[in-house]
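Each chain, written out:
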Amino acid sequence: MDLPTEFSLSDLLELPQTAAASSLSELQKLLDEERNRCAQVIAVSPENLTEAQSDEVRVRFTGRKSPLQDWLKSLRNFPAEERKDAGAKINQLKSFLEGEVERFVLACRASAEKLRLEREKVDLTLPLPELNLGSRHPVSAAAQQLLEPLRRLGFTVIDGPELEREFYNFEALNIPAEHPAREMQDTFFVASQWVLRTHTSSVQAHAMLERGVPLRVACAGFTYRNELDLTHVPTFRQIECLVVDKGITLANMRSTLDAFFAEVFGRPVKLRLRSSYFPFTEPSAEIDVQCQQCFGSGCRSCKHTGWLEMGGCGLVNTRVLESCGIDSKVYSGFAFGMGVDRIAMSKFGIADLRSLYEGDVLLSRQLALR
Ligand SMILES: [Zn+2]
């Protein structure tokens, strides 16, 4: 049955005049009328009804205030011998109404949903809005690029905690409490005996104590120091390598460094080791790589020195080996490390190191493209 859009649902949903019956024939008449009324309502095309209206239909015919309830209550007015028949008739109508009304309500919902989709006019052929997938942070990318050649050189890449016991960060690395080197690394103490690690060298102590010898490990990770200016940030990344085995000498270190930097720069590069001091190595040296802009003749990138400072290295101090439970008469080792941020800085030509940590998406995206 199609009704004009402005049909009166309330007329169709009117309650019957008489709600009570006292004989079987009276009851039958009332039940038939109710069945007809329901049939009329659910004959309306579902698209003519809103979801709210279909709810009204459900409440009217099967709800707690529907005539069905009155009729069930009126059963007590029937003579005892008719009560059973009367009850059966009412229940029969009840299940008919519930089934039909439920079907009708579902049809109304489906048609309302269809209408809604049509109104929204979803065009599946339209191009998608531009997706921003993001990319690896430039410093993370640089760290991975440095770890890759080390893997190829046979190093196992390991990890260690950033919140570190003072022992692993200092004592195990030959930096006792009164050592002036502690001054060089202004530290964040989190609690008594707990610091944010000032270098990834603490991972070396873990490796020696927990893995034992022989060792060939590399690690890259965040380190923390209380400093902030153009070329220093409180959080920066280091990459670090450690080899401990029988008969390790400076020659092994030098050849590993040569191989490593050749992999990093994609061609053999000239290295220079300058004597230096670190508490955990002896002898110690700074690693300089020949400037790849001017090849030693001097330019702005290398401040006209012809060399770029890359990091530090040295043979592992025998005291460090001993405090990490390794017999220094049998074993020796070398270590080298460098700041990943510095390398990213020279790689990407960044003047202010802090800009790498300002969360500037435009900068990161620009660098990711290189
Ligand atoms: Zn240069």
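Only a predicted model underlies this, so the values are computations on that prediction, with no experimental measurement involved.

Participant: Explain the packing of aromatic side chains here, please?
Facilitator: Each aromatic ring pair is described using two quantities: the centre-to-centre distance and the angle formed by the ring planes. This model, assessed by the stated rule, comprises six aromatic pairs. Relative to Phe280, the ring of Phe278 has its centre 6.2 Å away and its plane inclined at 10 degrees; by these criteria the two rings are stacked. Given a relative accessible area of 15%, Phe280 falls into the buried group. An aromatic cluster is built from Phe260, Phe261, Phe265, Phe334 and Phe336, whose rings are joined through pairwise contacts. The ring of Phe96 is capped by Arg35, whose NZ or CZ atom sits 4.4 Å from the centre of that ring. One Lys or Arg, Arg60, reaches over the ring of Phe61 and ends 4.5 Å from the middle of that ring.

Participant: I tried to follow the environment of Leu273 on my own but got confused; where do I start?
Facilitator: Take Leu273: it is sitting in strand E7 (residues 271-278). Between the C-alpha atom of Leu273 and that of Val289, which follows or precedes it by 16 residues, the distance is 8.9 Å. When residues no more than four places from it in sequence are discounted, the contact partners of Leu273 are Met253, Arg254, Leu257, Ala285, Glu286, Ile287 and Cys313.

Participant: Sorry if this is basic, but what is going on with the pattern of salt bridges here?
Facilitator: For the structure shown, the criterion picks out 15 salt bridges. Residues Arg37 and Glu34 are paired through a salt bridge, measuring 2.5 Å at the closest nitrogen-oxygen approach. Here Arg37 and its partner Glu34 are both found in helix H2 (residues 24-42), three residues apart, which amounts to about one turn of the helix. In this structure, Arg37 and Glu34 share a single accessibility class: buried. Each of Lys29, Glu33, Glu34, Arg37 and Arg60 takes part in one network of salt bridges that share partners.

Participant: Can you walk me through the coordination of the zinc ion in this structure?
Facilitator: Tetrahedral coordination by four donors places them ideally at 109.5 degrees to one another around the metal; octahedral coordination by six donors ideally gives 90 or 180 degrees. Surrounding the zinc ion are the protein donor atoms Cys291 (SG), Cys294 (SG), Cys299 (SG) and Cys302 (SG), at 2.2 to 2.3 Å. Around the zinc ion, the four donor atoms are arranged such that angles at the metal cover 105 to 115 degrees; this shape is classified as tetrahedral. Between consecutive donor residues of the zinc ion, the sequence gaps follow C-x2-C-x4-C-x2-C. Cys291 sits in the buried class, given a relative accessible area of 0%. For Cys299, a relative accessible area of 15% translates into the label buried.

Participant: Looking at this model, I keep getting lost on unusual backbone geometry. Mind explaining?
Facilitator: Leave glycine aside and you will find that most residues have negative phi; peptide bonds, for their part, are mostly trans. The peptide bond linking Val213 to Pro214 adopts the cis configuration, its omega dihedral lying at -5 degrees. Within the fold, Pro214 resides in the loop between helix H9 (201-211) and strand E5 (215-224). Residue Pro283 is bonded to the preceding Glu282 through a cis peptide linkage, with omega at -5 degrees. Within the secondary structure layout, Pro283 lies in strand E8 (residues 281-290). Of note, the phi angle at Asn174 is positive, near 65 degrees, even though the residue is not glycine. Summarising the element assignment, Asn174 is placed in the loop between helix H7 (166-169) and helix H8 (181-184). According to the relative accessible area criterion, Asn174 is buried, its value standing at 13%. With a phi close to 50 degrees, Lys303 is a non-glycine residue in the positive phi region. Checked against the element boundaries, Lys303 lands in the loop between E8 and strand E9 (307-316).

Participant: How should I be thinking about the pairing of E8 in this particular structure?
Facilitator: In regular strands, side chains alternate between the two faces of the sheet. Within E8, eight of the ten residues are buried, which leaves it mostly tucked inside the rest of the structure. From the end of E7 to the start of E8, which pair antiparallel, there are two residues.

Participant: I would appreciate a short explanation of the nonpolar core in the present structure.
Facilitator: Side chains of nonpolar character tend, in soluble globular proteins, to be buried together. Counting residues in hydrophobic clusters, the biggest one holds 42 residues, and the most contacted among them are Leu150, Leu257, Phe261, Ile287 and Phe336. Of all the secondary-structure elements, those providing two or more residues to this core are helix H6 (138-152), strand E6 (235-246), helix H10 (250-265), E8, E9, strand E10 (331-339) and helix H12 (340-348). Residue contributions to this core peak at six residues, all from H6. In terms of nonpolar packing, the next biggest core, distinct from the first, is built from 26 residues, Leu13, Leu49, Phe78 and Ala86 among them.

Participant: Help me out: how do you make sense of the sheet that holds strand E3 (residues 189-191) in this one?
Facilitator: Sheet strands associate in pairs through backbone hydrogen bonding, adopting either a parallel or an antiparallel arrangement. Strand order in the open sheet formed by three strands is E2-E4-E3, and the pairing between neighbours is antiparallel. The sheet is open, and its two edges are formed by strand E2 (163-165) and E3, each paired on a single side. Adjacent strand axes in the sheet meet at a mean angle of 40 degrees, parallel and antiparallel pairs treated alike. Two strands pair when backbone bridges link them, and E2 and strand E4 (residues 194-196) are joined in this way by three bridges, in the antiparallel orientation. Following the sheet pairing, Leu163 is matched in E4 by Leu196.

What counts as what
Residues numbered from 1 in each chain as written. Predicted model: local features only at pLDDT ≥ 70, side-chain atom pairs only at ≥ 80, totals over all residues. Heavy atoms only, no water. Phe/Tyr/Trp six-rings, centres within 6.5 Å; stacked < 30°, edge-to-face > 60°. Buried < 20%, exposed > 50% of the residue type's maximum accessible area, 1.4 Å probe, protein only. Lys NZ or Arg CZ within 6 Å of the ring centre and 35° of its normal. Helix = DSSP H or I, 4+ residues; strand = E, 2+ residues; numbered from the N terminus. Contact = heavy atoms within 4.5 Å. Salt bridge = Lys/Arg side-chain N within 4 Å of Asp/Glu carboxyl O. Donors = N, O, S within 2.8 Å, 3.2 Å for Na, K, Ca; no water. Tetrahedral: all angles 85-135°; square planar, octahedral: opposite > 155°, others 65-115°. Pairing = 2+ DSSP bridges. Core = buried A, V, L, I, M, F, W, Y, C linked by side-chain atoms within 4.5 Å. Axes fitted to C-alpha atoms, helices over the stretch in contact; angles between N-to-C directions.

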